[in-house]
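# Examination of the molecular architecture
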Amino acid sequence: MKLFGRKKREDSPAFRRDMAKKIDGMSVKYVTERRDDSDTSGDSVIGRNGSLIVKDRELLVYSSSDIVFRAEIDRLSMSPLLSGEGIILEGNDTEHGSTHRKIIAYYTYYLKT
């Protein structure tokens, strides 16, 4: 147990891989996409009932019987919600033409720390 150890930087590949291991296999209640466009701002639900899956150095968000988001783990920004109820994922979605997207996956059962 490290009392005064250094935390990994959130932009480092090691942190991203560790975070991906933690969330691999988590059940998802629903997934929203945050849009900052001038026409449509706010969050919209893009899927329900699914899971987060790590496969071949990519993170897949599977929801509503479809892959709603796929990105390389080393290029993906991941930050857990302060409530522990989900995670914010931001990066280039290779499943949908490498467009830059920001989604929030809400866990079915969240981790209490």
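Keep in mind it's a predicted model, so treat the numbers as computed, not measured. (Residues numbered from 1 in each chain as written. Predicted model: local features only at pLDDT ≥ 70, side-chain atom pairs only at ≥ 80, totals over all residues. Heavy atoms only, no water.)

### Details of the overall build of the protein
- What the protein contains, in helices and strands, is one helix and seven strands.
- Starting at the N terminus and ending at the C terminus, the protein contains elements arranged as α-β-β-β-β-β-β-β.
- By residue count, 36% of the 113 residues in the protein fall in the buried class.
- Taking the intrachain contacts of the protein between residues at least 6 apart in sequence as the baseline, contacts between residues at least 24 apart amount to 42%. (Helix = DSSP H or I, 4+ residues; strand = E, 2+ residues; numbered from the N terminus. Buried < 20%, exposed > 50% of the residue type's maximum accessible area, 1.4 Å probe, protein only. Contact = heavy atoms within 4.5 Å.)

### Observations concerning the pattern of salt bridges
- Summed over all chains, the structure comprises nine salt bridges.
- Asp43 is the partner of Arg34 in a salt bridge, and the nearest nitrogen-oxygen pair spans 3.1 Å.
- Residue classification places Asp43 among the partly exposed residues on the basis of a relative accessible area of 39%.
- A salt bridge links Arg75 to Glu72, with the shortest nitrogen-to-oxygen separation between them at 3.6 Å.
- Here the salt bridges share partners, and the residues they tie into one network are Glu33, Arg35, Asp93 and Arg101. (Salt bridge = Lys/Arg side-chain N within 4 Å of Asp/Glu carboxyl O.)

### What to know about the side chain of Ser63
- Position of Ser63 among the secondary structure elements: in strand β3 (residues 58-63).
- Overall, the relative accessible area of 0% leaves Ser63 in the buried class.
- Within polar-contact distance, the side chain of Ser63 engages the backbone nitrogen of Arg48 at 2.8 Å.
- Sequence-distant contacts of Ser63, defined by excluding residues within four places in its chain, comprise Val31, Gly47, Arg48, Asn49, Gly50 and Val68. (Polar contact = N/O pair within 3.5 Å; in protein donor to acceptor, adjacent residues only side chain to side chain.)

### So, the nonpolar core
- Ile23, Leu52, Val61, Met78, Ile87 and Leu89 are the most contacted members of the largest nonpolar core, which has 21 residues in total.
- In this structure, Val61 is in contact with Val31, Ser51, Leu52, Asp66, Ile67, Val68, Phe69, Leu89 and Ile103, ignoring residues within four places of it in sequence. (Core = buried A, V, L, I, M, F, W, Y, C linked by side-chain atoms within 4.5 Å.)

### Description of the pairing of strand β6 (residues 86-93)
- Across the eight residues of β6, six count as buried, placing the element largely inside the fold.
- In the sheet, strand β5 (residues 77-80) pairs with β6 via four bridges, with the strands oriented antiparallel. Its bridge partner lying in β6, Met78 is registered against Leu89.
- The turn joining β5 and β6, which pair antiparallel and follow one another in sequence, is formed by five residues; a positive phi near 85° is taken by Gly84. (Pairing = 2+ DSSP bridges.)

### Some thoughts on helix α1 (residues 13-23)
- Buried residues of α1: Phe15, Arg16, Met19, Ala20 and Ile23, and no others. Taken down its axis, α1 places every buried residue within 135° of arc, on the same side.
- Gly25 occupies a position one or two residues after α1 and carries a positive phi of about 85°. (Arc of directions from axis to C-beta.)

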